[in-house]
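Fold and geometry: a report
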Amino acid sequence: MSASLFAAMRAAWAEVRPRFEAYQLVLPGSPGFVCQPQACTAYCCHAYSVNLGDADVERFRRLEQLELADFLECDEDGKPLTLPMAQPFLLRREEGRCKFLGGHLGCTVYEGRPNACRLYPHFIVFWDGEAGRARTTPSKRAAASFDAAVLGNTYGFIPLLLGHVQCPGFTGDPVNEAEWHRLFSATYQLQYAAV
């Protein structure tokens, strides 16, 4: 059913790959993701600053019962810093890592963690063949391209499900097509629809 979609994804990945060297294309047959805490160095918690949107902040506040200054980057007056972005807040960092990274390299606020953390190690980019560039921002055209891909078709942009190569968790059984579609849809919802 999706053979032409996956062929289009492979062709688009050949164009995108040099720009996304930290990622690999995830298609049916790729190793599944299985968390490997014994092998994990919590690279993501050390390397990245995590952006949060209003929904992330509200969920974090409600589930972890913390004040904003306890989990967001703040100025000297204790007011949350905001960036001119769709997700304007930053999760607090201390000593070069996420404040909530535990000594055992596990998340100490797992239930309330931001969508970016729920999303990792997967990511979706859209290849715009007309412009010769990858797109990572929500748009009507990206949404239409995603909807077509869910049905096994291509339309406009080519969506690519990627996995971060620094994550040691890509050791599971090969992903079948049904599992791939579930992962693709869940990743899109977290990355684009939750913004």
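Look a little higher up for the structure.
We now turn to the structure provided with this report. (Residues numbered from 1 in each chain as written. Predicted model: local features only at pLDDT ≥ 70, side-chain atom pairs only at ≥ 80, totals over all residues. Heavy atoms only, no water.)

Taking burial as the measure, the seven residues of strand β8 (residues 158–164) include seven buried ones, the bulk of the element. Residues of β8 alternate between two faces, with Ile 158, Leu 160, Leu 162 and His 164 on one and Pro 159, Leu 161 and Gly 163 on the opposite face, all of them buried. Alignment of strand β1 (residues 23–25) against β8, held across three bridges, turns out to be antiparallel. Residue pairing across strands places Gln 24 opposite Gly 163, the latter belonging to β8. (Buried < 20%, exposed > 50% of the residue type's maximum accessible area, 1.4 Å probe, protein only. Helix = DSSP H or I, 4+ residues; strand = E, 2+ residues; numbered from the N terminus. Pairing = 2+ DSSP bridges.)

Within the secondary structure layout, Asp 128 lies in strand β6 (residues 122–128). Here Glu 130 takes part through its backbone nitrogen, which lies 3.2 Å from a polar atom of the side chain of Asp 128. Here the side chain of Asp 128 touches Ala 131 through a polar contact of 3.1 Å, landing on its backbone nitrogen. The residues contacting Asp 128, other than those within four sequence positions of it, are Arg 133, Arg 135, Arg 141 and Phe 157. (Polar contact = N/O pair within 3.5 Å; in protein donor to acceptor, adjacent residues only side chain to side chain. Contact = heavy atoms within 4.5 Å.)

Glancing now at the pairing of β6. Burial runs high along β6: seven of the seven residues are buried. Of the two faces of β6, both are covered, the one formed by His 122, Ile 124, Phe 126 and Asp 128 as well as the one formed by Phe 123, Val 125 and Trp 127. As paired elements, β6 and β8 share six bridges and run antiparallel to each other. Bridging across to β8, His 122 finds its partner in Gly 163. As paired strands, β6 and strand β7 (residues 133–135) are joined by three bridges and run antiparallel to one another. For Phe 126, the partnering residue across the bridge sits in β7 and is Arg 135. The antiparallel pairing of β6 with β7 creates a hairpin that spans four residues between the two strands, and Gly 132 there sits at a positive phi of about 70 degrees.

This part is about the environment of Glu 76. Along the chain, Glu 76 turns up in the loop between α4 (68–71) and β3 (89–90). What makes Glu 76 exposed here is its relative accessible area of 79%. As a C-alpha pair, Glu 76 and Gly 32 span 44 residues in sequence and 44 Å in three-dimensional space.

These results come straight from atomic positions and should not be treated as a statement about function.
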